[in-house]
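A look at the structure
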Amino acid sequence: MERIPILRMGGFLLVTIQVDMHDKLAMTLQDDLTNRISEVGAKGVLIDISSLEIVDSFIGRTLANIASMARVLDAQTVVVGMQPAVAITLVELGMSLPGIHTALNVETGMEFLHRTVADYQESEYDGDYTED
Amino acid sequence: MTGTIQKTESVPIKSGSDVVLVRQRVRAWTSEMKFSLVEQTKIVTAASELARNTLEHGGGGEAQLALLQNGARQGIQLAFIDQGPGIPDVKLALSDGYTTANGMGLGLGGSKRLMNEFEIETEPGHGTRITCIRWK
C-alpha cells in the first residue's frame, strides 16, 4: 500500500509530502502520524508541503486534524513551505487553517518546534499550565 | 455563459484517484492556456473540490473540460456531471460551513469564489450538473 514516509529526528517527526495525494493517502498519513507520535513519544511534528501544488479543503482539513490529534498527544505541529499561490487560493477558498502553526521553511519550522517544546517544558517546571 | 467551444476533454470520476487525474488534466490545460500560477492554482483547487463532490455526493460521474473563445478572450469551462440524488437546497449547499459528508463545507461556496462564472443545475433524484468558467 502506498504510504508517505515519516522520518524521526530525536523527539521530532518529519514528513515531506511530495506526491499529489488522493484522499485515502491523506487519511493514511493522518493515522500513521498519530500512531508514530504515540509510539515514540514525539514532542513535535514538522510537515513540509513545499512540493504541494494545491491544498484543497480536504487536505486542509487533514492538516488541521493532524495538528489537533498531535496536540491531544502532547506534540506540537508546524506546517512549512506553503507556496504563495497555494496560500492565496486557500484563503479565497475560505480556509485560513486556524490553529495550525506555519513557518516559511524547514529551518524556521525546526526553530519553532525547538523553542515551543523548550518553553513548554520550562512552564511545566513552574507548575504553570499554559496553552496556546 | 457565452463563447464558442474550441476543444473538449472528458474525464470519468469513479474513484479517489480520478479526482487526482482531474486535477492533473486541469493543471495541464490551464498551464497550456498560459493562466498565471495563482490562477492555475485557483482553477485546479476548484476542480478538486467539485470532482470530490461528484464522487462523494453524486456517486461518481464525469468532468468535462472545454476551451472557450469569446472574441479575443479565452476561458476554461469545467462541467461536473453526476446522476446522483441531486441537491435539495442549492442556496444552503452554497453557504460556507454547510456539509452533508464529513467535509468542512467549503467545497461549493469556495469553488464558486475561485471561478468567474458558476452555475448549478440540479433536480432531486436526477443528478447534478455544475458548470463553471474562469476567463483569462
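That block above? That's the structure.
We now turn to the structure provided with this report. (Residues numbered from 1 in each chain as written. Chains lettered and ligands numbered in written order. Predicted model: local features only at pLDDT ≥ 70, side-chain atom pairs only at ≥ 80, totals over all residues.)

**Describing unusual backbone geometry**
Even without being glycine, Leu97(A) reaches a positive phi, approximately 50°. Position of Leu97(A) relative to the elements: it lies in the loop between α3 (84–93) and β5 (101–103). Phi at Lys34(B) takes a positive value of approximately 65°, unusual for a residue other than glycine. Within the fold, Lys34(B) resides in the loop between α1 (16–32) and α2 (37–56). (Helix = DSSP H or I, 4+ residues; strand = E, 2+ residues; numbered from the N terminus.)

**Here we look at the interface of chain A and chain B**
Contact with chain A, which involves 18 residues of that partner, is made by 24 residues of chain B. Ranked by the residues each element gives to the side of chain A that touches chain B, the list is headed by α3(A), at six residues. (Contact = placed C-beta atoms within 7 Å.)

**So, the sheet that holds strand β4 (residues 76–80) of chain A**
All names here are of chain A. What the five strands build is an open sheet, ordered β1-β2-β3-β4-β5; its pairing is mixed. Among the strands making up the open sheet, the edge pair consists of β1 (6–9) and β5. Along the sheet, successive strands turn relative to each other by an average axial angle of 25°, direction set aside. Sheet topology places β4 next to β5; three bridges connect them, and they run parallel. Bridged to Val-79 within β5 is Thr-102. (Pairing = 2+ DSSP bridges. Axes fitted to C-alpha atoms, helices over the stretch in contact; angles between N-to-C directions.)

**Focus: the environment of Asp74(A)**
All names here are of chain A. Among the structural elements, Asp-74 can be located in the loop between α2 (57–72) and β4. Residue classification places Asp-74 among the partly exposed residues on the basis of 13 C-beta atoms within 10 Å. Linking Asp-74 and Ile-37, residues 37 residues apart in sequence, is a C-alpha distance of 8.9 Å. (Buried ≥ 20, exposed ≤ 12 C-beta atoms within 10 Å, placed from the backbone.)

**Observations concerning the nonpolar core**
Side chains that are nonpolar tend, in soluble globular proteins, to be buried together. Membership of the largest hydrophobic core comes to 59 residues, with the highest contact counts inside it found for Val45(A), Ala47(B), Ala51(B) and Leu78(B). Ranked by residue count, the leading element in this core is α2(B), at seven residues. Non-local contacts of Val45(A), meaning those with residues more than four positions away in its chain, are made with Phe12(A), Leu13(A), Leu33(A), Ile37(A), Ala70(A), Ala75(A) and Thr77(A). (Core = buried A, V, L, I, M, F, W, Y, C linked by C-beta atoms within 7 Å.)

**Description of the environment of Ser95(B)**
Residues and elements named next belong to chain B. Among the secondary structure elements, Ser-95 is positioned in the loop between α3 (90–94) and α4 (107–114). Judged by the 11 C-beta atoms lying within 10 Å of it, Ser-95 is exposed. As for Ser-95 and Gly-109, which are separated by 14 residues in sequence, their C-alpha atoms are 5.8 Å apart.

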